[in-house]
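# Observations on the three-dimensional arrangement
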Amino acid sequence: MFQNFAGMDKNQKEIAAIKAWPKKYYHLCTNGWKEGKLFNTKEQFKLGMSTIALIADMHDADILSFVLMSNHVHLLLNATGSVCLDVFRLIKHRTGSQLITDGFPPLPHDYGMKLIPVEDKKSLQTHFIYLARNAYEKGFCVPGGYPWGSEYLTFNPAADYIRGTKIGQMTKRDVRKVLGSYKGLPDEWEIHPELGVLPRNYIRQDVIRSLFGGSPKAYMTRLVKDYESFIHLSRTLEEDFVFSKPEAEDLMFAKLRSLYPGRWLKDLTADEKGRLAVELNNQYGIGSELLAEILYMQERVIEQLIHSKDYGYRKLKP
């Protein structure tokens, strides 16, 4: 279940519905902006970090994880539906105002968000992993290497050494310059000169560790291997997902074992390979070019199989 608010000012029925949602975990994702970027410069990313910190301090919202991508934002937070609306409005207002100030294209008037209720612990793990994979999935860095979010804190002792100056030791003028707001933050919170307000100030690492049984290995295994959950959420959020060759091969061998137990890829008939290709395309959305590479088939043949009435998915189901 999720709500897609494409025009927050127009969808009064949807707004009224979400206001009634109880306090629980939600995955808030602002719409991907294909025509522009929310964050074009390091200073804009720093302001985004300040925005999330202000949300954590101003609202009754416990933030479990967040990531600022160039054209959208993900937040995993515990709050009411009404607070989620306020959180989105604050992100939209501050980000949009800064874009105009800096001379970049303004946000669309109907810029919206998607909001997914998180129903249980397993789902919470999946959503957390989804946020953690975002920058890695785009090829920006290894897992845990993205600075504009909170994932680098997870099971990472080195993150304890990323520190800043306590707000109580800074001048009010300097704090306002970083925050872009007259609203202050707790004196003990820290601001890094390059990264802005540090998420270590408010992210509950104890909750995250308990979510994965206190095991870094369990967390990393899910992070790099849980393709199916990531694909499912990608489709729900209408975001693109592109497999690397090793990931596609992992899925191919798993599907091979499922469809043809004890068989090797080289021993499959042309029809059996065709079925394997169509299954992988239908279930995971792996494209014909990558399928051709991992199955040692001609891309043209795979395209024909995918679109053929005789070899389509329904025809090939056992």
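Everything that follows concerns the structure shown earlier in this document.
These lines cover the structure that appears in this document, whether it is placed above or below. (Residues numbered from 1 in each chain as written. Predicted model: local features only at pLDDT ≥ 70, side-chain atom pairs only at ≥ 80, totals over all residues. Heavy atoms only, no water.)

Our next topic: the overall build of the protein. On a plain count of helices and strands, the protein comes out with 13 helices and eight strands. Judged by the C-alpha coordinates and their principal axes, the protein covers about 75 × 45 × 40 Å. The proportion of buried residues among the 318 residues of the protein is 50%. Sequence-distant contacts, at least 24 apart, represent 73% of the contacts inside the protein between residues at least 6 apart. Summing over all exposed atoms, the protein offers an accessible surface of approximately 16,100 Å²; the carbon and sulfur share of this is 52%. Charged side chains of the protein number 43 positive and 38 negative; the gap between the two group centres comes to 2 Å. (Helix = DSSP H or I, 4+ residues; strand = E, 2+ residues; numbered from the N terminus. Buried < 20%, exposed > 50% of the residue type's maximum accessible area, 1.4 Å probe, protein only. Contact = heavy atoms within 4.5 Å. Areas by Shrake-Rupley, 256 points an atom, 1.4 Å probe, with all protein chains shown as cover. Lys, Arg positive; Asp, Glu negative; His and termini not counted. Charge placed at Lys NZ, Arg CZ, Asp CG, Glu CD.)

Further remarks concern the packing of aromatic side chains. Inspection of every chain in the model, using the stated rule, returns eleven aromatic pairs. Summarising the aromatic geometry, the rings of Phe 66 and Tyr 202 are spaced 6.5 Å apart at their centres and angled 25° between planes, so their arrangement reads as stacked. With Phe 66 in strand β3 (residues 62–68) and Tyr 202 in the loop between β8 (196–197) and α6 (205–211), this pair connects stretches of sequence that are 136 residues apart. A relative accessible area of 11% means that Tyr 202 is categorised as buried. With centroids separated by 5.5 Å and ring planes inclined at 35°, the aromatic side chains of Trp 189 and Tyr 202 adopt a geometry described as tilted. (Phe/Tyr/Trp six-rings, centres within 6.5 Å; stacked < 30°, edge-to-face > 60°.)

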